[in-house]
Amino acid sequence: KRLDAFQKGYRQNIGIIGLPFLGKSFLSNAFVDRVIGHPEIIPVHYLCQEFDSFEHFCERWMGELLISLYRSLYKSVPDSFQILIRSLRKVIPNALARMKEIQSLSLHRRYQEAYRELLALTGEVQKEIGKKFLVVLDEFHRLADLGLNDPFGNLGKEIMIQKETMFLVTSSQPARSAERALGV
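Residues numbered from 1 in each chain as written. Predicted model: local features only at pLDDT ≥ 70, side-chain atom pairs only at ≥ 80, totals over all residues. Heavy atoms only, no water.

(A) Structural view of the nonpolar core. Within the largest apolar cluster, 41 residues are counted, with the highest numbers of intra-cluster contacts made by F54, F57 and L137. Counting residues per element, this core draws most heavily on helix α3 (residues 54–74), at 9 residues. Among residues more than four places away in sequence, those in contact with L137 are Y46, C48, W61, L155, L168, V169 and T170. Counting 12 residues, the second-largest nonpolar core is a separate cluster that includes L3, F6, I16 and V136. (Core = buried A, V, L, I, M, F, W, Y, C linked by side-chain atoms within 4.5 Å. Buried < 20%, exposed > 50% of the residue type's maximum accessible area, 1.4 Å probe, protein only. Helix = DSSP H or I, 4+ residues; strand = E, 2+ residues; numbered from the N terminus. Contact = heavy atoms within 4.5 Å.)

This is the structure:
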């Protein structure tokens with residue numbers, strides 16, 4: 001129902017919180033599988049990993065976004081990073097320029113600004129290609145481990161702004177996530 005509503009322009013984000021091994025990943029993967037191949041929605045699946053540095057988190061976020069876009073457009077996985085960038089340079093030039101700015105912010109340890117820009121990337125790509133995004137943040141409670149000030153508040157603000165991006169967040173830490181999910 002949420003996917004049908006999103007296709008029609010009504011977006012309700014989804015939070016799945018529960019103890020480990022109850023099927024949260026199965027549900028989110030099944031949801032993503034329904035979106036793969038959709039002509040107007042690009043799924044981006046991102047697993048928040050333990051002990052992720054901000055720099056690594058940032059690189060993986062941008063990489064997942066680029067690979068998901070490439071798959072959506074070309075129905076395959078690129079053979080190399082150079083092919084990926086070369087193929088997308090004319091498709092999303094503004095988003096790629098913004099990614100370079102994010103890398104620079106991260107390199108200069110301006111993590112708060114880089115994080116806000118990172119969260120806004122799907123909106124930038126959407127402006128350039130006109131497609132919607134489904135962003136799945138698996139184990140989103142781990143955003144707290146990145147050492148940022150209020151990562152959930154910033155995520156919540158971006159969720160409110162981006163009407164063309166639907167977020168599905170999961171967490172196997174109910175006590176740690178419940179209040180954060182309610183804020184999102």
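(B) Region of the structure containing unusual backbone geometry. Look at F21: it is not a glycine, yet its phi comes out positive at around 65°. Within the secondary structure, F21 sits in the loop between β1 (14–17) and α2 (24–35). Taking the relative accessible area as the measure of exposure, F21 reaches 85% and is therefore exposed. Phi angles above zero are rare outside glycine, and E139 is one such case at about 60°. Mapped onto the elements, E139 comes out in the loop between β3 (132–138) and α8 (151–161).

(C) View of empty space enclosed by the protein. Tallying each qualifying case throughout the model produces 2 cavities of 30 Å³ or more. By volume, the largest cavity amounts to about 40 Å³. In this structure, the largest cavity is lined by V44, Y46, W61, L65, T122 and V135. The set of elements that each furnish at least two residues to the lining of the largest cavity consists of β2 (41–47) and α3. (1 Å grid on protein atoms, 1.4 Å probe; cavity = no way out; pocket = protein on both sides within 12 Å on 5 of 7 lines; lining within 4 Å. Points joined across faces, edges and corners; volume = space filled by probe spheres on them.)

(D) View of helix α7 (residues 121–129). Those residues of α7 that sit buried are L121, T122, G123, E124, V125 and Q126. Looking at the packing, one finds that the buried side of α7 touches α3, α5 (93–107), α6 (111–119), β3 and β4 (165–171).

(E) Structural view of the pairing of β3. Taken across its 7 residues, β3 has 7 buried, putting it largely inside the fold. Sheet analysis places β2 next to β3, joined by 7 bridges and oriented parallel. Paired with I42 across the strands is F133, a residue of β3. Across 5 bridges, the pairing between β3 and β4 is parallel. Across the sheet, L134 pairs through a bridge with M166, a residue of β4. Following the chain from β3 across α8 to the adjacent parallel β4, one finds a crossover that is right-handed. (Pairing = 2+ DSSP bridges. Right-handed = clockwise from strand over helix to strand, strands pointing away.)

(F) Quick peek at the pattern of salt bridges. What the rule picks out here adds up to 4 salt bridges. The residue E113 makes a salt bridge to R110 at a minimum N-O spacing of 2.7 Å. For E113, a relative accessible area of 30% puts it in the partly exposed group. On the basis of relative accessible area, R110 is assigned to the partly exposed category, the value being 41%. Each of the salt bridges in this network shares a partner with another, and the network as a whole consists of R98, E117 and E124. (Salt bridge = Lys/Arg side-chain N within 4 Å of Asp/Glu carboxyl O.)

(G) Region of interest: α3. With 21 residues, α3 ought to run about 30 Å at 1.5 Å a step, and its terminal C-alpha atoms sit 30 Å apart, in line with that. Among all positions in α3, only F54, F57, C58, R60, W61, M62, L65, L66, S68, L69, Y70 and S72 are buried. Those residues of α3 that are buried lie in contact with β2, α4 (81–88), α5, α6, α7 and β3. Backbone geometry just downstream of α3 places K75 in the positive-phi region, at approximately 60°. (Expected span 1.5 Å × (residues − 1).)

(H) A look at the sheet that holds β2. A sheet is described by the order of its strands in space; here 4 strands give the open sequence β1-β4-β3-β2, paired in parallel fashion. Sheet topology places β1 and β2 at the edges, where each strand pairs with a single neighbour. Put simply, the sheet's adjacent strands are angled 10° from each other on average, direction ignored. Relative to the sheet, α2 contacts β1, β2, β3 and β4, its axis offset from that of β3 by approximately 165°. Of the strands in this sheet, β2, β3 and β4 touch α7, which is tilted by about 160° from β3. (Axes fitted to C-alpha atoms, helices over the stretch in contact; angles between N-to-C directions.)

Note that all results are geometric; they support no functional claim without further evidence.
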